[in-house]
2 protein chains.
Amino acid sequence: MRPIRNFYAGPCALPLSVLRRIQDEMLDFRGTGMSVMEISHRAAPVVDLIEETTGGLKRLMGLGDEYEVLLLQGGSSLQFAMMPMNFSGPGEIVAYVDSGLWAKKAMEEARLLGRDVRVVASSAPDHRRIPADWETVSDARYLHLCTNNTIVGTQFSSAMIDALPRGGPVIMADMSSDLLSRRIDHGKFGLIYAHTQKSFGAAGVTIVALRRDLLDRIRDPMAAMLDYRTHVKARSNYNTPPVFAIYVVRLMLDWLEGEIGGIEAMERINRAKAARIYDLIDGSNFYHAPVEAGSRSMMNAVFYLPNPDLEKRFVAEAEQAGIVGLGGHRKWGGCRASLYNAVTLAEVEDLAGFMGEFVAANG
Amino acid sequence: MRPIRNFYAGPCALPLSVLRRIQDEMLDFRGTGMSVMEISHRAAPVVDLIEETTGGLKRLMGLGDEYEVLLLQGGSSLQFAMMPMNFSGPGEIVAYVDSGLWAKKAMEEARLLGRDVRVVASSAPDHRRIPADWETVSDARYLHLCTNNTIVGTQFSSAMIDALPRGGPVIMADMSSDLLSRRIDHGKFGLIYAHTQKSFGAAGVTIVALRRDLLDRIRDPMAAMLDYRTHVKARSNYNTPPVFAIYVVRLMLDWLEGEIGGIEAMERINRAKAARIYDLIDGSNFYHAPVEAGSRSMMNAVFYLPNPDLEKRFVAEAEQAGIVGLGGHRKWGGCRASLYNAVTLAEVEDLAGFMGEFVAANG
């Protein structure tokens, strides 16, 4: 086990084997005698790397040829703007589910750009569940939701995703914090975007999966870099892509398929990790998980201690024990353990052990 | 010397000492016990890294407190759009110097966005010099130029930059391929942008230096991620920044100041490298440099051989000898040796040796 157990909400832990491979290949990427950072993006080793990465992502998401997978920059925050800019005009109706702070940020961006934003479902202000009652807005250009809400610790379950309506507005989703963490039906979505620094890479590249027929809906004029068509046409190599960040995703795909054994195996591990922490919380009179049972995130376990002073001590003592990243979001408070793909079950056991000891000493 | 001598036009060579340091620190960034990629962007080690990097860039550019230095994403291609979007409205006049293919791309983006683009100077269609005769367009929102034209191999000399007019429209410059390669008066410019994968980093982060008073000219509404004010306010940490790419820039600044000895020392080395190649070309009846003497780029030496077949053989035989990246741009042809900061004089000597042998065998 590594000396540090890393529960940061992102950027966050990467597998030790992936870091070691980066180290090993630093001076010689695939026999070129150069670092992957030193090779022209028009040269075969980098072109191949991009194709392998988009291909691998498509395969792991189970998407067919009606989809394009793109590697972009700017994080999900730029997608918050690109989505309304590409798929709607000023004054047009767009529909959003308000399930947490990031879902809200996406919505605010559409509003800033002059779109007529309709909130079709909301769990505001406390956001302690995925909202259940949905309004129908059939004339919306798209319906946007965020599958996992890192700050409040809620997540659309696979069953909730299966139950999403077909035939209405095309559904677009921010999956920044749970893409490739479990098996879901990605075909429910016309557009999926995710930055990579949670479960399958480092910060610096953003994945977009896009159903090809939607490209016809994009209106001119669009700035070239903000137009999804540019990147489809250039196969994610329009201008110099963030090669190193793509390389890390490529290694993470190898790790996921090779070492872990694929998405289903990953989901089993992720379920076990989350169960370990939530069971401990539910079995205690000391820790308290605010999120309703059916809406709890497998990725981010948010919990409170009896008071903020104890929470501060909990975070500080954990850090002294080499367990880092347990502070809640600066806008939300409380504590949070993020359990993304690269966090091992052994590390979660370690956290559980610490949580037990902390109750014994302070409960 | 490394087995490969890398003359790629970008991404391109990085110093061996920087790659080794990345290797050494991969599992433990500054005593955290984690990789720099694994640490939250809100945690002190990453916040410090960002501040050190923007501070170092400002110092090396010799910019005062009236400037902000930002670390963004999307490359210069996104700056081609952000510049007109932030500093002009549709139909308004913006002025551009047409000195090469990238300068043209910047201009086309402004035109696509509905700006009234005025070409104040042009060396089209052959682009073999920096244009000398400039029209005055005093009512333009800004005047844009590209200091080094990688494809055609021209560069604004330091004297040309000193001679740029003051008092007219604010001057904005793409310095993607020569920032930090020589000492120039950066205070001539209101906005400077540069991606980092040529002379001071890897691909994935874009440097913007911006004179603070220009922030007041930005009009609402702007998408948050495309608005320079967002990134000034958030100190380049609005959403998760490309931490690893920033880290590489940070190491490159150390290398530049520590190992090389600063910008003036760097410029001396760069001048010596360029002189070695241009002198060889000018002294031969075999190689031919198309660019006029006063406009030649110190960064990209473009040259032709007597015919395209020989050029193909030259590039292929060089590659077999471990000298890579000598092919001209796919839109321009010929040959090109890119001599960015990390290329050593010894490597340039090696290239010169090969060029001499090639003439002996084929001249």
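Residues numbered from 1 in each chain as written. Chains lettered and ligands numbered in written order. Predicted model: local features only at pLDDT ≥ 70, side-chain atom pairs only at ≥ 80, totals over all residues. Heavy atoms only, no water.

## Description of the overall build of chain A
Put simply, the test is: Runs of H or I in DSSP of at least four residues are treated as helices and runs of E of at least two as strands, each being numbered from the N terminus. To get the radius of gyration, use the C-alpha atoms; to get the globule rule, take the number of residues to the power 0.38 and multiply by 2.2 Å. When accessible area is computed with a 1.4 Å probe and restricted to protein chains, residues below 20% of their type maximum are described as buried, those above 50% as exposed, and intermediate ones as partly exposed. Contact between two residues is taken to exist if any of their heavy atoms lie within 4.5 Å; hydrogens are not considered. Surface exposure here means Shrake-Rupley accessible area, sampled with a 1.4 Å probe, where a residue is shielded only by the protein chains that are shown. Within this scheme the basic residues Lys and Arg register as positive and the acidic residues Asp and Glu register as negative, but His and the chain ends are omitted. By convention, the point assigned to a charge is CZ for Arg, NZ for Lys, CD for Glu and CG for Asp.
Counting its secondary structure elements, chain A contains 10 helices and 13 strands. A compact globule built from 363 residues would reach a C-alpha radius of gyration of about 21 Å, and chain A, at 21 Å, matches this within 12%. Along the three orthogonal principal directions, the C-alpha set of chain A runs to about 65 × 55 × 30 Å. A buried classification covers 65% of the 363 residues belonging to chain A. When contacts within chain A are restricted to residue pairs at least 6 apart in sequence, those whose partners lie at least 24 apart make up 68%. Here chain A has roughly 12,800 Å² of accessible surface; of this, 48% comes from carbon and sulfur atoms. In chain A, the 39 positive side-chain charges and the 43 negative ones have mean positions that sit 2 Å from each other.

## With respect to the interface of chain B and chain A
So the rule is basically this: Two parts lose some accessible area (1.4 Å probe) when they are put together, and adding that loss for both gives the buried area. Every case where a carboxyl oxygen of Asp or Glu lies within 4 Å of a side-chain nitrogen of Lys or Arg is listed as a salt bridge. Think of a polar contact as two N or O atoms within 3.5 Å of one another; within protein, one of them needs to be a possible hydrogen donor and the other a possible acceptor, and neighboring residues in sequence only count if both atoms come from side chains.
Between chain B and chain A, the contact holds 58 residues from the first and 58 residues from the second. Summing the contributions of chain B and of chain A, the shared interface buries around 4,700 Å²; its carbon and sulfur component is 63%. Area buried by chain B at its contact with chain A is led by Leu27, Met37 and Glu38 of chain B, which between them contribute 14% of it. Between chain B and chain A we count 0 salt bridges in total. Taken together, the links from chain B to chain A amount to 13 residue pairs in polar contact (both at pLDDT 80 or more). Mapped by element, the contributors of at least two residues to the side of chain B that touches chain A are helix H1 (16-25), helix H3 (75-87), helix H4 (101-112) and helix H7 (243-260) of chain B.

## Some points on the pairing of strand S2 (residues 67-72) of chain B
All names here are of chain B. Keep this limit in mind: By this definition, two strands are paired if DSSP reports at least two bridges between them.
Within S2, 6 of the 6 residues are buried, which leaves it mostly tucked inside the rest of the structure. What you see with S2 is no split at all: Tyr67, Val69 and Leu71 on one side and Glu68, Leu70 and Leu72 on the other are buried throughout. Here 6 bridges tie S2 to strand S10 (residues 206-211), and the two strands are oriented antiparallel to one another. By the bridge assignment, Leu71 is partnered in S10 with Ile207.

## What to know about the sheet that holds strand S9 (residues 191-195) of chain B
Residues and elements named next belong to chain B. Applicable threshold: For helices, the fitted line uses only the C-alpha atoms of the stretch in contact; every axis is such a line through C-alpha atoms, and the angle between N-to-C directions lies from 0 to 180 degrees.
An order of S2-S10-S9-S8-S5-S3-S4 is seen for the 7 strands of this open sheet, with the pairing classed as mixed. Each edge of the sheet is formed by a strand with only one pairing partner; in this case those strands are S2 and strand S4 (116-122). Averaged over all pairs of adjacent strands, the angle between strand axes in this sheet comes to 20°, irrespective of strand direction. Packed on one face of the sheet, helix H2 (residues 44-61) meets S2 and S10 and runs near 130° to S2. Along the sheet, H3 contacts S2, strand S3 (93-98), strand S5 (143-146), strand S8 (171-174), S9 and S10; its crossing angle with S9, the most-contacted strand, is approximately 160°.

## Details of the domain arrangement of chain A
Residues and elements named next belong to chain A. Counted only if it meets this: Each domain span listed reflects an automatic or database assignment of domains. Think of it as three bins: nonpolar holds Ala, Val, Leu, Ile, Met, Phe, Trp, Tyr, Cys and Pro, charged holds Asp, Glu, Lys and Arg, and polar takes everything else, Gly as well.
When its domains are assigned, chain A resolves into domain 1 (17-258) and domain 2 (262-362). With 28 residues of domain 1 at the interface, the matching set in domain 2 holds 26 residues. Of the roughly 2,400 Å² buried between domain 1 and domain 2 on both sides combined, carbon and sulfur atoms contribute 56%. Of all residues in domain 1, Arg128, Ile151 and Arg183 bury the most surface against domain 2, accounting for 23% of the area lost on that side. At the junction of domain 1 and domain 2, the tally comes to 1 salt bridge. Our count for the domain 1 to domain 2 interface comes out at 14 residue pairs in polar contact (both at pLDDT 80 or more). For the side of domain 1 that touches domain 2, the per-class residue count stands at 10 nonpolar, 10 polar and 8 charged.

## Comments concerning the sheet that holds strand S8 (residues 171-174) of chain A
All names here are of chain A. As summarised here, the arrangement of the 7 strands in space is S2-S10-S9-S8-S5-S3-S4, forming an open sheet in which the pairing is mixed. Since the sheet does not close on itself, it has two edges, and those belong to strand S2 (67-72) and strand S4 (116-122), each with one partner. Each neighbouring strand pair of the sheet contributes to a mean axis angle of 20°, computed without reference to strand direction. Taken together, the 2 bridges between strand S3 (residues 93-98) and strand S5 (residues 143-146) define a ladder with parallel strand orientation. Across the sheet, Ala95 pairs through a bridge with Leu143, a residue of S5. With respect to the sheet, helix H3 (residues 75-87) is in contact with S2, S3, S5, S8, strand S9 (191-195) and strand S10 (206-211), its orientation differing from that of S9 by roughly 160°.

## A few points about the nonpolar core
Formally: We define the nonpolar core as a collection of buried residues of types Ala, Val, Leu, Ile, Met, Phe, Trp, Tyr and Cys that are connected through side-chain atoms lying within 4.5 Å of one another.
Counting residues in hydrophobic clusters, the biggest one holds 198 residues, and the most contacted among them are Ile22 and Met37 of chain A together with Ile22 and Met37 of chain B. Look past the residues within four positions of Met37 of chain A in its chain and what remains in contact with it is Met26 and Phe244 of chain A together with Pro11, Cys12, Leu14, Leu19, Ile22, Ala202, Phe244 and Val248 of chain B. If you look at the next biggest cluster of nonpolar residues, it comprises 64 residues, including Tyr142 and Val208 of chain A together with Met85 and Leu214 of chain B.

## Quick notes on the pattern of salt bridges
Residue and element names in this part refer to chain B. Inspection of the entire model under this criterion finds 46 salt bridges over all chains. Ionic pairing is found between Arg235 and Glu51, a salt bridge with its closest N-O pair at 2.7 Å. Linking Arg235 in the loop between helix H6 (228-233) and H7 with Glu51 in helix H2, this pair joins segments that are 184 residues apart in sequence. Arg250 is paired through a salt bridge with Asp254; the nearest N and O atoms lie 2.8 Å apart. Here Arg250 and its partner Asp254 are both found in helix H7, 4 residues apart, which amounts to about one turn of the helix.

## Quick look at the packing of helix H8 (residues 263-282) of chain B against helix H10 (residues 345-362) of chain B
Residues and elements named next belong to chain B. Operational definition: Roughly parallel covers angles under 35 degrees, roughly antiparallel covers those over 145, roughly perpendicular covers 65 to 115, and oblique covers all other angles.
The interhelical angle for the contact between H8 and H10, taken along N-to-C directions, is 10°, at an axis separation of 9 Å. It follows from the interaxial angle that H8 and H10 lie roughly parallel. In this structure, H8 uses Ala272, Lys273, Arg276, Ile277, Leu280 and Ile281 to contact H10, whose residues at the interface are Leu345, Val348, Glu349, Leu351, Ala352 and Met355. Among the residues forming the contact of H8 with H10, the class breakdown is 9 nonpolar, no polar and 3 charged.

## Comments concerning the environment of Val232 of chain B
Residue and element names in this part refer to chain B. By the element assignment, Val232 lies in helix H6. For the pair formed by Val232 and Met37, sequence separation is 195 residues and the distance between their alpha carbons is 23 Å. Excluding anything up to four places from it in sequence, Val232 contacts Glu68, Leu70, Leu210, Arg212 and Leu215.

## Considering unusual backbone geometry
Between Ala124 of chain A and the following residue, Pro125 of chain A, the backbone shows a cis peptide bond with an omega angle of 0°. A cis amide bond, omega -10°, links Gly10 of chain B with the succeeding residue Pro11 of chain B. Checked against the element boundaries, Pro11 of chain B lands in the loop between strand S1 (5-6) and H1. The phi dihedral of Ser236 of chain A is positive, around 60°, even though this residue is not glycine. If you trace the backbone, Ser236 of chain A turns up in the loop between helix H6 (228-233) and helix H7 (243-260). Taking relative accessible area as the criterion, Ser236 of chain A reaches 4% and is therefore assigned buried. A positive phi angle, close to 55°, is found at His127 of chain B, a residue other than glycine.

## Quick word on the relation of the copies chain B and chain A
What relates the two chain copies is a rotation about an axis together with a slide along it. Put simply, the rule is: All copies are superposed by least squares; the fitting set is the C-alpha atoms of residues with a pLDDT of at least 70 in both.
For the match of chain B to chain A, the screw axis carries a shift of 0.0 Å, the RMSD comes to 0.0 Å, and the turn is 180°. What the rotation and shift describe, once combined, is the action of a two-fold rotation axis. In terms of C-alpha distance to the rotation axis, chain B has Gln23 of chain B as its closest residue, with the C-alpha 2.5 Å off the axis. Same-surface contact between copies: 100% of interface residues of chain B are shared with the interface of chain A.

## Topic: the environment of Gly325 of chain B
Residues and elements named next belong to chain B. Looking at where Gly325 falls in the secondary structure, it is placed in the loop between strand S12 (323-324) and strand S13 (335-338). Taking the relative accessible area as the measure of exposure, Gly325 reaches 17% and is therefore buried. With 35 residues separating them in the primary sequence, Gly325 and Ala360 have C-alpha atoms 22 Å apart. With residues near it in sequence (within four places) discarded, Gly325 still touches Phe7, Tyr8 and Arg336.

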